[in-house]
Amino acid sequence: MTEAILHVFRGTNEAGGTAEYRVPIAPGMVVLDALHYVQSHLAPDLAVRWNCKAGRCGSCSAEVNGRPRLTCKTRMDTLALEKPVTILPMKAFPVIKDLVTDVSWNYSVNKKIPAFEPRAGVEWKMSQQDLDRVQEFRKCIECFLCQNVCHVLRDHHKKEQFGGPRFFVRVAALEMHPLDGRNRAALLKEELGIGLCNITKCCTEVCPEEIRITDNAIIPLKERVVDRFYDPLVMLVRKVRGAKD
Amino acid sequence: MTTKYETHEHDVLIIGAGGAGLRAAIEALAKGASVGVVCKSLLGKAHTVMAEGGIAAAMANVDAADNWCTHFRDTMRGGKMLNNWRMAQLHAQESPDRVRELEQWGALFDRTDDGRILQRAFGGHTFKRLCHVGDRTGLEMIRTLQDRGVSLGFDVYMECAVTRLLIDAGRIIGAFGYWREHGRFVVFKAKSVVIATGGIGKAWRITSNSWEYTGDGMSLACEAGAELMDMEFVQFHPTGMVWPPGVQGILVTEAVRGEGGILRNKLNERFMEKYDPKKMELSTRDVVARAIYTEVREGRGTEHGGAYLDISHKPAEYVKRKLPSMYHQFRELADVDITKGPMEVGPTCHYMMGGIRVNPETAACTLPGLFAAGEAAAGLHGSNRLGGNSLSDLLVFGCRAGRGAAQYANDHPAPSLDSTQIEQAEREMVAPFERTGGESPYAIHHDLQETMQNLVGIYRNEEDLKEALTELGSLKDRVARCHVAGSRLFNPGWHLARDLCSMLLVSEAVTRSALARQESRGAHSRIDFPDLDAAWGKKNNVIIRDGDSLTLRASPVPEIPADLKQILAEDS
């Protein structure tokens, strides 16, 4: 029987390192299957988050051989098994234990975003064409891989000033909803710090739902912020009229 | 006493944050209650995200002739008339409003040409009735409810598991549980509790269900003295993946058949012609699951023991647009391009029709202060659920449970907690660490799944069911002796040791009910009693706890009023 060697992070935020496990390989096996094998045969207290095991819930994110992935969609036969497979927790979030990280910061950012509010008196009709681009954003499964690879969060630790790609995707879905009546430009600029994104597209690259985060969500939102706050003509008019913002 | 434990107080405590729990929370908040939601996973990850095909609601956007009467009739016929008629009526009448509400909270369903919510065909539904978003309807629903709840301001206790309901003087007063993260214990004080914990599929080996589906809520309610009903009716979805082994059981949405997918055996025969020539692939799930099972058993199965399901006769772009998750799932996990060739599919344990017995109007259980909704509750689906009726169930009865629980909380004073129950609950939880020499909970779980898969599956007989009861008894002893290694810090082995107790209770309830029902009806098929029996059609099996054991009694199916009988008699 073919065997894979896994190097899995064991430990907490304070202390830890990788432990080695040998796992038999079955056809079509994914990394999450290998981790479940470790749990049921070798280390019953190995902490792993997962739910659907079908790429639908976004729970099982980790870094496999250095690449941020959903472990339920990463086939073992796509990895070089002659070398050990390294499985580490997402780097941008504090480790709770083993592969489980503290992602609660994401939930606190989410709370800052005002929900959908229909314009007064709308008729509940929308054309599919108008929905196509919004439905792309609604595919997000909140795996937080985009947050994990974004250098503003991962390397520069700007969690206080910056919302991250996941929440630009959420705001884009709201802003481009054909019947939404709110304007979230100030929120994007002030609270979510969209200006800090310098469109390196790392988020788009890792998105398991293939959402074109940078092109379709972030850039149009940046344009909205620019239109709202930095349009020279509008600024001039405001100045003349004495408006405050 | 309360200083020893972290304690939170709410009017209404909701256990479970899937569609039913979140809808209940929103409704209870709207009625002015303070609401706490406890969930085993992170918010937004509940099993509702796995729902694919759509929400059944007679909106008549595509088929103008549709109305609640037809939906009611389809649901009752699908459940072989064992359904609670009042639940089926309320469900059919209220689901269109519950769907419109989702849209008003920001959900974006696929559209008709004139801009209304698009509806698709599904098994057992007379008309095109399922409101959907491609094949990710559940995700759209849970995200919408989650955002709505967050904006209204509920408190969510994520990655927290309830292990015991607290009772005083015959009513609910709260719940005891632990935080998965650090393993510390927590007490919730509440005037009323809603159970919305979903199903029990993890007791079977081949299942579409996630690790969370361990029957916690049914087991908690039963232990607290509430009644369970219709536990013999476990739905095996006809189409789960069968190959490769790691993905066995993962759901292949019924929407594939709804969009025109065809089932064939290895001889290239369209075998549904033999089992249901009228509805063919869009027959009810019990019929299609048995058909595939029979084809395989009689030697006409595919290479890996399933049937072929083919949608590749439709244009590739259409398939990718209407079934994007299926396209990706098969491409990435099975190396199959479903726009070019067939999928291999076979039955997978999917849904529990039975559950906690509730009052149709308020979702109240037989225990005062306790409410239940969604898959954890029984009654709406009878002996077989139609596809799409689950999401609408979550909305309609989640809403009613939230309202019922808020009303109860409003009418009753705040309870005071009793420390002996809490201390006992704590002792139960730490015991697996203190025992030495017992086996790992994973080994016991493996054997439980084999037992239920082999002896309490699609086809049942007396001998197998009796053997299963004996086996469950010895598994119970093994769980009582099992040992958990490591610390209480995020320890899945420890969590499984507790979940096994719930799985064993519901497994026993399923097996006892299946043994009692000497007929075949809906999802319950007895080889030794292959026909419908009119006398059994008048009885629901009810399970109650009696000391340390479960007892079963038959309860009469409520009489259907004359006007609804008239609707049922009409031809659609």
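How each quantity is defined
Residues numbered from 1 in each chain as written. Chains lettered and ligands numbered in written order. Predicted model: local features only at pLDDT ≥ 70, side-chain atom pairs only at ≥ 80, totals over all residues. Helix = DSSP H or I, 4+ residues; strand = E, 2+ residues; numbered from the N terminus. Rg over C-alpha atoms; globule rule 2.2 N^0.38 Å. Buried ≥ 20, exposed ≤ 12 C-beta atoms within 10 Å, placed from the backbone. Contact = placed C-beta atoms within 7 Å. Core = buried A, V, L, I, M, F, W, Y, C linked by C-beta atoms within 7 Å. Pairing = 2+ DSSP bridges. Domains from an automatic or database assignment. Nonpolar A, V, L, I, M, F, W, Y, C, P; charged D, E, K, R; others polar. Axes fitted to C-alpha atoms, helices over the stretch in contact; angles between N-to-C directions. Parallel < 35°, antiparallel > 145°, perpendicular 65-115°, else oblique.

Visitor: Honestly, the overall build of chain B in this entry has me stumped. Any pointers?
Guide: A tally of regular secondary structure across chain B gives 16 helices and 20 strands. Scaling as 2.2 N^0.38, a compact globule of 572 residues should have a C-alpha radius of gyration of about 25 Å, and chain B matches this with 23 Å. Projected onto the principal axes, the alpha-carbon positions of chain B cover approximately 65 × 50 × 50 Å. The burial tally for chain B puts 61% of its 572 residues in the buried class. A separation of at least 24 residues holds for 75% of the contacts in chain B among residues at least 6 apart in sequence.

Visitor: Please clarify how the nonpolar core should be interpreted in this entry.
Guide: Nonpolar side chains in soluble globular proteins generally cluster together in the buried interior. Residues and elements named next belong to chain B. Core analysis: the largest hydrophobic core is formed by 252 residues, its most contacted members being V194, I195, I356, F371 and A372. Ranked by residues supplied to this core, first place goes to helix α15 (residues 492–516) with 12 residues. Among all residues touching V194, those that are not within four sequence positions of it are V12, I14, I15, G21, A24, F371, A372, A373, A401, G402 and A405.

Visitor: Please explain the sheet that holds strand β4 (residues 119–120) of chain B as it appears in this structure.
Guide: Sheet strands line up and pair through hydrogen bonds in the backbone, either parallel or antiparallel. On the basis of which strands lie adjacent, the open sheet formed by three strands has the order β3-β5-β4 (chain B) and antiparallel pairing. Every other strand in the sheet has two partners, leaving β3 (55–56) and β4 of chain B as the edge strands with one partner each.

Visitor: Can you help me understand the pairing of strand β7 (residues 160–168) of chain B in this one?
Guide: A regular strand places its side chains so that they alternate between the two faces of the sheet. Residues and elements named next belong to chain B. Counting buried residues in β7 gives seven out of nine residues, a clear majority hidden from the surface. Two strands pair when backbone bridges link them, and β7 and strand β8 (residues 171–179) are joined in this way by eight bridges, in the antiparallel orientation. Looking across to β8, one finds that I167 is bridged to I172. From the end of β7 to the start of β8, which pair antiparallel, there are two residues, and A169 there has a positive phi angle of about 45°.

Visitor: Is there a simple way to think about the domain arrangement of chain B in this case?
Guide: The accessible area lost on association of the parts is a frequent measure of interface size. Residue and element names in this part refer to chain B. According to the domain assignment, chain B consists of domain 1 (239–347) and domain 2 (419–537). Here the side of domain 1 that touches domain 2 takes four residues from helix α8 (residues 285–297), the largest share from any one element. Grouping the amino acids of the side of domain 1 that touches domain 2 by side-chain chemistry returns three nonpolar, no polar and two charged.

Visitor: Teacher, can you tell me more about the packing of helix α5 (residues 216–224) of chain B against α15 of chain B here?
Guide: Axis angle and axis distance: for two packed helices, these are the angle between their axes and the distance between the axes, and together they describe the pair. Residues and elements named next belong to chain B. α15 packs onto α5 with a crossing angle of 75° between their chain directions and a minimal axis gap of 8 Å. With respect to α15, the axis of α5 lies roughly perpendicular. Residues D216, M218, S219 and C222 of α5 lie in contact with α15, whose contacting residues are D499, C501, S502, L505 and V506. Broken down by class, the residue content of the contact of α5 with α15 amounts to five nonpolar, two polar and two charged.

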